[in-house]
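Listed here are the chains, written in short residue letters.
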Amino acid sequence: MPHTVRRIAVLADSDTRWKWGALTARRLAPRATIDGLLLRGRATPTPRQLAEVGVTVESLREVTTGEFLAAATEPGTYDVIVLATVGGAVQAMLHGLGRAVTGTGPAATGPGPARRPVIVTGYVGVVYEKLTDGLLLRHGADVVLANSPYDAERFRTVYEGVGADPGGVVTCALPFLAGPPAEGNTPVAASASGSATGSAEAASGPATGSAPVSASGGASGDVDSGRFTVVFAVQPSVPASRADRAYLLRRAAAHALRHPERDVLIKLRSKPGEHTTHIEEEPYQKLVRKLPGGTGPDGGLPANCRLVYGNVGELLDRVRRTGGLLVTVSSTAALESLHRGVPTAVLTDLGVREALGNHYFTGSGCLASWDELDDGHLPEADEKWALRQGVRGDDGFAAARERVAALAARAAADGLPPLMPYYTVRTAPGYLPGILRRYGLAPDGTPLPGTAAQDTGRGRGLMRRVVREAARGAYRHGVQRVAPLIRKAGEL
């Protein structure tokens, strides 16, 4: 009888990675209990961001490195752990878990097979930069998920090229692409003066999707008019410059003016003060005020063009119902849109460049400019490309479920071999220690004295929490307010 995966822990460090990790856990073991662990740091999601994701789990809390390692290595607690973090954090946790299981401490078993959880990791979306660096930081997990046959081939080639075992690579699909459209929250109108406060620590207990509110504090939902809808899915750091982002904003507004019969919704990733996977230094909520007449909640946008927050799946369902269009530079929303059969435009206005990520879509049939969209062009995806990229086809998680179940059964019966990342103090003595130190670990994977990795939750008081939130707020203020002013002064 196959082993049943009963309980999974998902460690995530941003809202998008939480969405990927939690949904991946659901796809790997639909009946398992899922505990969400949010790694405390710069991009820890706020309650609003968690609500927008709309994923329900049994428990959700913030943790330090030490708290995670203590929970993850508690004997008999978890069958599977999904590491949904940046590559450096994955590498650090692999070394920390390896040391905790086979080294010292209550979960230590010594060398040889150990009854430890199955470790799964992967990527949130399109992998278009730092392929080798990111893959080697993820090597050592029992399963490295590749979101398409194309990615699986690239991943194995990288591992084989450096002499690392490629056996952990398993082809799957992005977890939000398969099955019926995910139920989420109704998108709400955003405000050009929006702000956000709060910490994921407030989200204790089961996490459920709740109706998000507008940035001005009201519940002004965006009403589905049934009209042809264009969703422009913007990104926090692509493009990066104010000039390029202002250009795209102007073109979206111009498209609305040219097509008054259409609704143009500019889908924002976060509110000012919040952080996502990538840092947003030039929020569109501020740029919209620079448009002519930019005094109202939507700045100088036409009446049929609005800034909105909300679950991207619901927005795409509206686009599909109205026969509309998804526009982006290189957002993963393009893959969700293609999965739904929605016409999808990947913009070429700023070039097709690796720095923008839109080079990933060469051959897709989706590359287009605002000029072409203004003229009524609706791109049609190339089916062969879509199949190869994993946005078409059947259940993409069958192989991953089978692999994880087999590993979990082996772990319960005889134990799993020690975690063996490619990076060690022997293969990367000038690189690995710095990564581990960033997460409070020594080169051998043990917690450094006086760091968050040693903090297992005991004695944490109000003062520490206040200091942490103040530091986080100061960092965000520096990124979004001070840094742009310094750059502007340097250009004078």
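Computed from a prediction, not measured in an experiment: that's the story for all the values here. (Residues numbered from 1 in each chain as written. Predicted model: local features only at pLDDT ≥ 70, side-chain atom pairs only at ≥ 80, totals over all residues. Heavy atoms only, no water.)

## A closer look at the pairing of strand β1 (residues 7–12)
So, point 1. With respect to burial, β1 is a largely interior element, five of its six residues being buried.
So, point 2. Judged from the six bridges that link them, β1 and strand β2 (residues 33–39) form a sheet pairing that is parallel. Paired with Arg7 across the strands is Thr33, a residue of β2.
So, point 3. Crossover handedness for the path β1 to helix α1 (residues 15–28) to β2: right-handed. (Buried < 20%, exposed > 50% of the residue type's maximum accessible area, 1.4 Å probe, protein only. Helix = DSSP H or I, 4+ residues; strand = E, 2+ residues; numbered from the N terminus. Pairing = 2+ DSSP bridges. Right-handed = clockwise from strand over helix to strand, strands pointing away.)

## Things to note about the sheet that holds strand β6 (residues 143–146)
So, point 1. In spatial order, the strands read β3-β2-β1-β4-β5-β6-β7; together these seven strands make up an open sheet with parallel pairing. If you trace the sheet from one side to the other, it starts and ends with β3 (59–63) and β7 (169–171), each paired once. Averaged over all neighbouring strand pairs, the angle between strand axes comes to 25°, with direction disregarded.
So, point 2. Here strand β4 (residues 80–84) runs beside strand β5 (residues 118–121); their pairing, made up of four bridges, is parallel. The residue of β5 that forms the bridge with Leu83 is Thr121.
So, point 3. Lying over the sheet, helix α3 (residues 65–72) contacts β1, β2, β3 and β4, oriented at roughly 135° with respect to β3.
So, point 4. Across the sheet, helix α13 (residues 398–413) touches β4, β5, β6 and β7, and the angle it forms with β7 is around 140°. (Axes fitted to C-alpha atoms, helices over the stretch in contact; angles between N-to-C directions. Contact = heavy atoms within 4.5 Å.)

## Describing the pattern of salt bridges
A side chain of one charge can pair with a side chain of the opposite charge when the charged atoms of the two come close.
So, point 1. Tallied over the entire structure, the rule returns 20 salt bridges.
So, point 2. Linking Arg154 and Asp151 is a salt bridge whose minimum nitrogen-to-oxygen distance equals 2.7 Å. Of this pair, Arg154 and Asp151 are both found in helix α6 (residues 149–161), three residues apart, which corresponds to roughly one turn of the helix. The pair Arg154 / Asp151 is uniform in exposure class, with both members buried.
So, point 3. Where Arg258 meets Asp375, a salt bridge forms, and the shortest distance between an N and an O atom there is 2.9 Å. Taken together, the residues span a long stretch of sequence, with Arg258 in helix α7 (residues 242–258) and Asp375 in the loop between α11 (370–374) and α12 (383–388) at a distance of 117 residues.
So, point 4. Asp375 sits in the exposed class, given a relative accessible area of 59%. (Salt bridge = Lys/Arg side-chain N within 4 Å of Asp/Glu carboxyl O.)

## Quick word on the confidence of the model for the chain
So, point 1. When pLDDT is averaged along the chain, the result is 83, and 76% of the positions lie at 70 or above.
So, point 2. Predicted confidence for residues 104–108 stays below pLDDT 50, and this span has seven contacts to residues more than four positions away or in other chains. (pLDDT = per-residue confidence, 0-100.)

## A closer look at the nonpolar core
Nonpolar side chains tend to gather and get buried jointly when the protein is soluble and globular.
So, point 1. Ranked by internal contacts, the top residues of the largest apolar core, which has 49 residues, are Ile8, Trp18 and Val120.
So, point 2. A total of six residues in this core trace back to one element, the largest contributor, which is α1.
So, point 3. Ignoring sequence-local partners within four residues, the contact set of Val120 consists of Leu28, Val80, Ile81, Val82, Leu83, Val143, Leu145 and Val404.
So, point 4. Ile119, Ala152, Leu436 and Tyr439 belong to the second largest nonpolar core, which has 41 residues in total. (Core = buried A, V, L, I, M, F, W, Y, C linked by side-chain atoms within 4.5 Å.)

## A few points about the packing of aromatic side chains
So, point 1. This structure, assessed with the given rule, holds eight aromatic pairs.
So, point 2. Ring geometry for Tyr360 versus Trp385: centroids 6.2 Å apart, planes at 80°, classification edge-to-face. Here the residue Tyr360 occupies a position in the loop between β13 (344–347) and β14 (367–368), and Trp385 occupies one in helix α12, the gap between them amounting to 25 residues. Here Tyr360 and Trp385 have matching classes, each one buried. (Phe/Tyr/Trp six-rings, centres within 6.5 Å; stacked < 30°, edge-to-face > 60°.)

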